[in-house]
Amino acid sequence: MIFESISVDFSVIGGKKDNVKAVANNEISLLLPQNAEIKHIIKAPRFLFADVKKGEAIGRVVYIYNGKEIASSPLLACESVQKIRYRFNLFEFLKELLF
């Protein structure tokens with residue numbers, strides 16, 4: 001059985017973007033009985049604080065069969081999210097307000 005790619009969106013606090021997408025980086029294939037019910041659990045924080053680096057592990061996907069963990073894969077950030085600098089933030093706010 002080959003598992004599909006899993007992607008998750010995370011909220012980012014204090015970043016130039018409000019969210020970042022993360023994907024499981026490994027393609028996992030296992031020999032399991034036909035019609036096996038596989039569940040997956042995302043183990044990750046509910047949100048992130050900026051700076052987030054591209055490729056940074058921010059959680060993991062755990063695959064469960066018959067109540068036991070059979071595989072896992074890290075969730076990696078697809079892009080970087082820089083921390084907001086207040087001077088930049090004030091400038092952007094004024095620009096939006098005036099234009």
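I will try to describe carefully the structure that is included in this document.

Criteria and cut-off values
- Residues numbered from 1 in each chain as written.
- Predicted model: local features only at pLDDT ≥ 70, side-chain atom pairs only at ≥ 80, totals over all residues.
- Heavy atoms only, no water.
- Salt bridge = Lys/Arg side-chain N within 4 Å of Asp/Glu carboxyl O.
- Helix = DSSP H or I, 4+ residues; strand = E, 2+ residues; numbered from the N terminus.
- Buried < 20%, exposed > 50% of the residue type's maximum accessible area, 1.4 Å probe, protein only.
- Phe/Tyr/Trp six-rings, centres within 6.5 Å; stacked < 30°, edge-to-face > 60°.
- Pairing = 2+ DSSP bridges.

Details of the pattern of salt bridges
Phase 1 of the analysis: Tallied over the full model, the rule gives two salt bridges.
Phase 2 of the analysis: Lys17 is the partner of Glu79 in a salt bridge, and the nearest nitrogen-oxygen pair spans 2.8 Å. Taken together, the residues Glu79 in the loop between β6 (68-77) and α1 (86-98) and Lys17 in the loop between β1 (7-13) and β2 (19-24) connect sequence positions 62 residues apart.
Phase 3 of the analysis: With a relative accessible area of 31%, Glu79 lands in the partly exposed category.
Phase 4 of the analysis: One salt bridge in this structure joins Arg60 and Glu69, with 3.7 Å as the shortest N-O distance.
Phase 5 of the analysis: Here Arg60 falls in the partly exposed class, since its relative accessible area comes to 29%.

Brief notes about the packing of aromatic side chains
Phase 1 of the analysis: This structure, assessed with the given rule, holds one aromatic pair.
Phase 2 of the analysis: Seen from their ring centres, Phe47 and Phe49 are 5.4 Å apart, and the 85° between their planes marks the pair as edge-to-face.

Observations regarding the pairing of β6
Looking along a regular strand, one sees the side chains alternate between the two faces of the sheet.
Phase 1 of the analysis: Where β2 lies against β6, three bridges are found, and the strand directions are antiparallel. Directly across from Ala24, in β6, lies its bridge partner Leu75.
Phase 2 of the analysis: Pairing of strand β5 (residues 57-65) with β6 involves eight bridges; the strand directions are antiparallel. Opposite Ile64, over in β6, you have Glu69 as the bridge partner.
Phase 3 of the analysis: Count of turn residues in the β5/β6 antiparallel hairpin: two residues, of which Asn66 carries a positive phi of about 55°.

Focus on the pairing of β1
Phase 1 of the analysis: Alternating positions in β1 separate cleanly, Val8, Phe10 and Val12 being buried on one face and Ser7, Asp9, Ser11 and Ile13 remaining unburied on the opposite face.
Phase 2 of the analysis: Bridge count between β1 and β2: five bridges; the pairing is antiparallel. Bridged to Phe10 within β2 is Val20.
Phase 3 of the analysis: Summarising the sheet, β1 and strand β4 (residues 47-49) pair through three bridges and their orientation is parallel. If you follow Val12 over to β4, its bridge partner there is Leu48.

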